[in-house]
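Next come the chains, spelled out residue by residue.
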Amino acid sequence: MTDIDLSTVPLSALTAEIKRRMTEFTEAQHMMAGFVPSEPTPVAVMQRARHVNNTMKDAATERWAGWKKWSKDNPGKTTKDYWKWRRANK
């Protein structure tokens, strides 16, 4: 590419060249718009199964299953007493 002394080129010629190049650029953008999809392609979404077995919750429910009956049968006793009773009766 050769260096041109722009002080020798008239301002009207410079602005005309810039306008021409900007017009070419915008036309090229519009032509390329047909090749680029306007909407993003859909992405597969992983969905969680509706009925998932929660083993931690099931285990906790099983551990506390006898608490209500035991606390009615043993008024004044605490949860510590309940766990001692469960360990003893395994």
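The structure under discussion appears in the preceding block.
Residue numbers restart at each chain and count upward from 1, following the sequence in its written direction. Reporting of local features is limited, given that this is a predicted model, to residues whose pLDDT is at least 70; pairs of side-chain atoms are given and counted only at 80 or more, and all residues count toward the totals for whole chains, interfaces and linings. Only hydrogens and water are set aside; all other atoms, that is, all heavy atoms of the structure, feed into the side-chain values.

## Concerning the packing of aromatic side chains
Put simply, the rule is: Note on aromatic pairs: the rings of Phe, Tyr and Trp (six-membered ring only in Trp) are paired at centre separations within 6.5 Å, and the planes decide the class, stacked below 30 degrees, edge-to-face beyond 60, tilted for the rest. For every residue, the accessible area (1.4 Å probe, protein chains only) is compared with the maximum for its type, and the residue is labelled buried under 20%, exposed over 50%, or partly exposed between those bounds.
One pass over the structure, following the stated rule, counts nine aromatic pairs. Between W64 and W67 the ring centres are 6.0 Å apart and the planes differ by 85°, which places this aromatic pair in the edge-to-face class. Judged by its relative accessible area of 38%, W64 falls in the partly exposed class. Aromatic rings pair up to connect W64, W67, W70, Y82, W83 and W85 into one cluster.

## A few points about the pattern of salt bridges
Two side chains with opposite charge may pair up if their charged atoms get near one another. What counts is decided by this rule: A side-chain nitrogen of Lys or Arg and a carboxyl oxygen of Asp or Glu constitute a salt bridge if their distance falls within 4 Å. Here a helix means four or more residues in a row that DSSP labels H or I, a strand means two or more in a row labelled E, and each is numbered from the N terminus.
Across all of its chains, the model carries five salt bridges by this definition. Residue E17 pairs with R20 through a salt bridge whose shortest N-O separation is 2.6 Å. Remark: R20 and E17 occur in helix α1 (residues 11-32); sequence separation between them is three residues, near one turn of the helix. By relative accessible area, which is 28% here, E17 ends up partly exposed. E62 is the partner of R86 in a salt bridge, and the nearest nitrogen-oxygen pair spans 3.9 Å. With R86 in helix α4 (residues 79-88) and E62 in helix α2 (residues 55-63), the pair connects residues that are 24 residues apart, well separated along the chain. Overall, E62 belongs to the partly exposed group, its relative accessible area being 48%. Ionic contacts of the salt-bridge type, sharing partners, join the residues E17, R20, R21 and E24 into one network.

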